[in-house]
Amino acid sequence: MRHLFSTIFLLSLFCATATAQRADYDVIPLPKLVKVDSARVFNLQQGATVAFDANNPEIYRIAQFLCEWVGETSGVGLTLAPNDKKAVVCLSLDYPAADDAAELTEQQKEAYILKVDKRGIKIIAREPVGLFRAAQTLRKSLPVVKGGAQSIELPFVEIRDEPRFLYRGVLLDCGRHYFSVDFIKKFLDVMALHGSNQFHWHLTEDQGWRFEVKAYPQLAVKGSVRAQTVIGPGNSGIYDGVPYGGYYTQDECREIVRYAAERYINVVPEIDLPGHMQSALHVFPHLGCKGGSYPVRTYWGVSREVLCGGNPETLTFLKTVLGELCDVFPSKFIHIGGDECPKNRWRECAKCQAKIKELGLKDDGRHSPENQLQSYINREVEAFVKERGRDIIGWDEILEGGLSGGSIIMSWRGVKGGIAAARQGHRVIMSPNVYSYIDHPQLKDYGKQPRTTDSYLVSASKVYSFEPLIPDSLTVEQQKLILGPQVNLWTEHVAYPEHAFYQLLPRLGAASEVQWCLPAQKDFEEFKKRLPRLKKIYDLMGVTYCRQIE
Ligand code: ACM
Ligand code: ZN
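Not measured: the values here are computed from a predicted model.

(A) Highlighting the coordination of the zinc ion (ligand 2). Coordination of the zinc ion (ligand 2) by the protein comes from C289 (SG), C308 (SG), C349 (SG) and C352 (SG), over a distance range of 2.3 Å. What the 4 donor atoms of the zinc ion (ligand 2) show is an angle range of 105 to 114° at the metal, which sorts the shape as tetrahedral. Read from N- to C-terminus, the donor residues coordinating the zinc ion (ligand 2) fall into the pattern C-x18-C-x40-C-x2-C. A residue pair is termed long-range when its members are at least 10 positions apart, and C308 in the loop between α8 (278-283) and α9 (312-328) and C352 in helix α11 (residues 350-359) qualify at 44 residues. Per residue, the accessibility class of C308 equals that of C352, and both read buried.

Listed below in structure tokens is the structure:
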């Protein structure tokens, strides 16, 4: 009999511990301030109510996201209860007013407070975006319960959070390989999970033009298709013999913009000019210096075939494309590329040389006339997009011909370009290849991962170690010009969704702490301890990731 009682006692103890699922706030990226009282817990139970302002459709949508995520992660189903003052979870915009009347920074607009006490869960923000960030933090704080829990214990806590940088970017190269609209939506979901807020959409390449331009119907139809693709990294010389293509209609682009905006992500479109344009030259060969025929490129590397800098039709073409781009993408930032534009053709081309003469461009010891010709094109397109209220971003090569005032430099060849630009008073996005090019391998043993561009290792710890403000090289005033960091997923060797997510994750987790957290909060060993639960959310979302971390 005694034996039976002790068995029942042990069994009930087991059941109690099995059902008592507990949240903690060890999330990625780590919030700015987390004050936990682990001795006391609030029990979030099935059917708990969520209150929000019923007159605000934006907050309604966030409340729906919150219910969806809490249900998906823990199994606890919440009930929407608009304006219910006694609800268990309350979303509101009653953020305490700041003491001074200074204008809020973009980061302060994203601030939120998440409080758990005996009354329940209170989320307060200044703007809906803050509620969204808080809902993500709550989602990531919950245990992932297979089969679902009846209730979750949440330790009492007060979280106060806001991001470190206003620009927290991720690039996806859809030029080398096309990714479906559904894939991009999932990519945006994953970005939002990590608090990233700028989707840099690389839309055109030598190997494919992916953006529909209504004025030039053939541009995307013909320019998006290459005859075949070289196999394996390093331009093996062996081709698959299979035509490859795909482009995004303007309606699809608008749908991506809408979907991203609901997740508080801005879409920064890039038309890479005047280099990386061989797919456009395929459709409009008269825009090249040589004329003749140009195939959409079937292999990787930098092409010498670029838009002619001396042909006035080049600027007409670019303005037509950028005009439609601005109509489709509301982004304040328009990326004009500018990288890797060899000047071989321009040096030999009568039209380019005549234009250099007309503009009076001379080698001034720092900038060649051809580099200055590229700057002339940049200034023309910058003025054009400025009329539409936008700022241009360019890769750091655009510094080489001299730069005009409003341009933003994206530093990719290390941090040198970013430092030089900030010292000249330009705004900067830091995306140095050795820390940020996540098309590169993430494990030392290259044989353990799918083959990619493999000239150097970009481990998660390397990504994590980046400090975007470069305090040794920039004054405090210059550091204020650094808008934030970005990681880049180039896709020469990444053709499938599973591979793309494998390259992205968990390195985006590491990058998210560079983007969101203060340097004093960062600790890679601690980060690794917080990673397992995030990986369970990756599993729930059905995305692949690298299981090892170095
Ligand atoms: C670049 O990687 N060419 C920007
Ligand atoms: Zn030319």
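Moving on, there is more to tell.
(B) The arrangement of the nonpolar core in detail. Judged by nonpolar contacts, the single largest core of 133 residues is most densely connected at L44, W201, W209 and F317. Of the residues forming this core, the biggest block, 9 residues, is contributed by helix α5 (residues 181-193). Counting residues in each nonpolar core, the second largest holds 16 residues, with I398, V428, F466 and V514 among its members.

(C) Representation of the environment of Y244 within the structure. Examined against the element boundaries, Y244 turns out to sit in the loop between α6 (217-223) and α7 (250-262). C-alpha separation for the pair Y244 and I470, spaced 226 residues apart in sequence, amounts to 42 Å.

(D) Representation of the pairing of strand β5 (residues 89-92) in the model. Every second residue of β5 is oriented toward a common face, the buried set being V89 and L91 and the non-buried set C90 and S92. Relative to strand β7 (residues 120-125), β5 is paired through 4 bridges, and the arrangement is parallel. Across the sheet, S92 pairs through a bridge with I124, a residue of β7.

(E) Seen up close, the packing of aromatic side chains. Tallied over the full model, the rule gives 28 aromatic pairs. A centroid spacing of 6.1 Å and a plane angle of 50° characterise the contact between F211 and F329, whose relative ring orientation is tilted. Taken as a pair, F211 in the loop between β12 (208-209) and α6 and F329 in the loop between α9 and β14 (333-335) lie far apart in primary sequence, 118 residues in all. Residue F329 is classed as buried on the basis of its relative accessible area of 0%.

(F) Structural context of the pattern of salt bridges. All told, the structure shown has 37 salt bridges when counted by the stated rule. With a closest N to O distance of 3.0 Å, E106 and K109 form a salt bridge. Here the residue E106 and the residue K109 both occupy positions in helix α3 (residues 106-109), the gap between them amounting to 3 residues, near one helical turn. Residue classification places E106 among the partly exposed residues on the basis of a relative accessible area of 42%. Among the ionic pairs, E358 bridges to K355, the shortest N-O distance being 3.2 Å. Linking E358 with K355, this pair stays in helix α11, spanning 3 residues, or about one helical turn. Residue E358 is classed as exposed on the basis of its relative accessible area, which comes to 60%. Assessed through its relative accessible area of 15%, K355 is described here as buried. Residues joined by salt bridges that share partners form a network here, namely R61, K185, D189, E255, R258, E262 and R263.

(G) Region of the structure containing unusual backbone geometry. Between L273 and P274 the backbone carries a cis peptide bond, its omega angle lying at -5°. With respect to the helices and strands, P274 occurs in the loop between β13 (266-270) and α8. The omega angle of the peptide bond from L505 to P506 is 5°, so this bond is cis rather than trans. If you trace the backbone, P506 turns up in the loop between α17 (497-504) and α18 (507-516). For N83, which is not glycine, the phi dihedral falls at a positive 60°. Within the chain, E340 stands out as a residue other than glycine whose phi angle is a positive 45°. For E340, the location among the structural elements is in the loop between β14 and α10 (344-348).

Cut-off values and rules
- Residues numbered from 1 in each chain as written.
- Chains lettered and ligands numbered in written order.
- Predicted model: local features only at pLDDT ≥ 70, side-chain atom pairs only at ≥ 80, totals over all residues.
- Heavy atoms only, no water.
- Donors = N, O, S within 2.8 Å, 3.2 Å for Na, K, Ca; no water.
- Tetrahedral: all angles 85-135°; square planar, octahedral: opposite > 155°, others 65-115°.
- Helix = DSSP H or I, 4+ residues; strand = E, 2+ residues; numbered from the N terminus.
- Buried < 20%, exposed > 50% of the residue type's maximum accessible area, 1.4 Å probe, protein only.
- Core = buried A, V, L, I, M, F, W, Y, C linked by side-chain atoms within 4.5 Å.
- Pairing = 2+ DSSP bridges.
- Phe/Tyr/Trp six-rings, centres within 6.5 Å; stacked < 30°, edge-to-face > 60°.
- Salt bridge = Lys/Arg side-chain N within 4 Å of Asp/Glu carboxyl O.

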